[in-house]
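Residues per chain, in single letters:
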Amino acid sequence: MSDIVRRDPRKEWIARNRLHPQHLEVLAELGQGAASEWMGPSGLLRKNPHAVGFIGPNGMKRIDRSGVQQGAAGGGGAAKSAAERKPLVEIEAPAFLVAVVPDMAGGRLTGHDRDLLGLARQLADADPAARGAVLAVVFGEHKEDDFEGAGVDRLLHLTGPEFDGFSPEARLGALVAMDLAWTPRHWLLPDSKLGGADLGRRLAARLGERPATGVWQLEADGEAPLGWRCIARGAAGTLDFQRAVPRLVLALAECAEPVSETRHAAEPLALPEALPSQLSRIQDLGQVAVDPAGVALSEAEFILSAGNGVRDWDAFHRAAEVLGATEGASRVAVDDGFMARDRQVGATGTWVTARVYVAVGISGAIQHLQGIQTCDKVVAINMDPGCDMIKRADLAVIGDSAKVLEALVALVEQSREEKRNAA
Ligand SMILES: Cc1cc2nc3c(=O)[nH]c(=O)nc-3n(C[C@H](O)[C@H](O)[C@H](O)COP(=O)(O)OP(=O)(O)OC[C@H]3O[C@@H](n4cnc5c(N)ncnc54)[C@H](O)[C@@H]3O)c2cc1C
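Values in this document were obtained by computation on a predicted structure and should not be read as measured data. (Residues numbered from 1 in each chain as written. Predicted model: local features only at pLDDT ≥ 70, side-chain atom pairs only at ≥ 80, totals over all residues. Heavy atoms only, no water.)

### Some details on the nonpolar core
Core analysis: the largest hydrophobic core is formed by 31 residues, its most contacted members being Phe-147, Leu-188, Val-215 and Leu-218. Elements supplying a minimum of two residues to this core: strand 6 (97-100), helix 4 (111-125), strand 7 (133-139), helix 5 (147-150), strand 10 (212-220), strand 11 (228-234) and strand 13 (248-251). Looking at which element gives the most residues to this core, the answer is helix 4, with six residues. Once you skip the residues sitting within four places of it in the chain, Leu-188 turns out to touch Val-98, Ala-99, Val-100, Val-101, Leu-116, Leu-119, Ala-120, Leu-123 and Val-249. With 24 residues, the next largest nonpolar core counts Val-101, Leu-156, Leu-248 and Leu-250 among its residues. (Core = buried A, V, L, I, M, F, W, Y, C linked by side-chain atoms within 4.5 Å. Buried < 20%, exposed > 50% of the residue type's maximum accessible area, 1.4 Å probe, protein only. Helix = DSSP H or I, 4+ residues; strand = E, 2+ residues; numbered from the N terminus. Contact = heavy atoms within 4.5 Å.)

### Things to note about the pairing of strand 19 (residues 377-382)
Sheet faces and side chains relate simply in a regular strand, where the side chains alternate between the two faces. Summarising burial for strand 19: five of the six residues are buried, a large majority. The pairing of strand 18 (residues 356-360) with strand 19 spans five bridges and is parallel. Each residue of the ladder has a partner; that of Tyr-357, found in strand 19, is Val-378. Taken together, strand 18, helix 10 (residues 366-371) and strand 19 form a β-α-β motif whose crossover is right-handed. Bridge count for strand 19 against strand 20 (residues 395-398) is four bridges, and the pairing is parallel. Within strand 20, the position partnered with Ile-381 by the bridge is Val-397. (Pairing = 2+ DSSP bridges. Right-handed = clockwise from strand over helix to strand, strands pointing away.)

Remember that the coordinates give geometry; whether it matters functionally is a separate question.
Here it is as structure tokens:
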């Protein structure tokens, strides 16, 4: 038999295309479907970096947020025991600190926050002889229980009414006090509209630092830790700039791989001195309810999106109203005249960044999936268990869209009624 290795371009294409129905089958056949994590001979958890993420439709490598490949963060027992198997890294006497101020939208680390912690680890771990520690600063109450898995060595949790709601002055005061007390080598904040961009720029002005904004990558420049350069997006996203990494960095989502191979101590820290009380010039009167129908799709946090599988349009609009969701649509729903053109999600519509995206009767065509690739959690309601939207979804409900929406609305109304009666 000939020793010539024959390539099968079709199979290679399927192996690259995560959405192809035979993707997993072909990966296994090509020997690439092996576990992306395994325990090495030294007891260390090893990871195949090539198995993490997937190649997106434009040929760029994307981070897999669905958890399918990475063991579903926050999932059930298997995910938990996998997390426990990861080696614990403890940094007793760090050479320096890299401080991260995550957005913690909804009280949990966002995908963007985790990317930023991954970036912080790159800076902290660059020199094995003098390792730094990653310090996360969290304001107000939170629901996060995986700071260890996200790469946090030290955790400063500041609570009190002064940090609730929109409180940039109090937060800035605390960060400046931290800077005086510990002088972190770097400050990293998410360059996001959820608060990080605003707080980061305030901190830069107060510390007199010239920050790097819109950073999407760090590169070692010569011998680490002597030099790092950052690549930042500028000129309304049309140009990339390079400069040496400054003390204060505001980074974009996907700036680095989130930490996934190790656990860290997340040891609680306290400020050495009580924070001086300061008069706030801002009074937060709480959140104002807005009509979700009026929210631009690109800014919506919660989207209920309709496709060709929606038959009862009155029921769909009613569900969106009861759930308080912004309405979106597939191109077919728009072309058929059921939804306005400005509601179209996808390659030729709006690219959305919702925290929760519910796709009702949408098959998951590649042009639609492109538009939702940075959504945090995707829920699919569909009759076809094999469709691509179900493969993309974090949670899937197989059933008739009208019946599922009706049951959902009934549950929400019942729960609201119970709360009213209990009050
Ligand atoms: C150049 C180009 C650009 C495009 N740009 C976009 C774009 O930006 N956005 C976009 O969305 N599309 C775009 N498309 C179109 C895209 O290719 C798909 O045709 C479209 O997304 C399909 O819409 P759909 O999923 O709603 O419909 P279908 O593909 O018809 O899917 C309907 C789904 O509903 C399910 N279903 C049926 N009945 C029920 C029921 N009773 N209950 C629950 N589920 C049910 C079916 O199982 C199916 O999965 C573009 C196409 C081209 C060529």
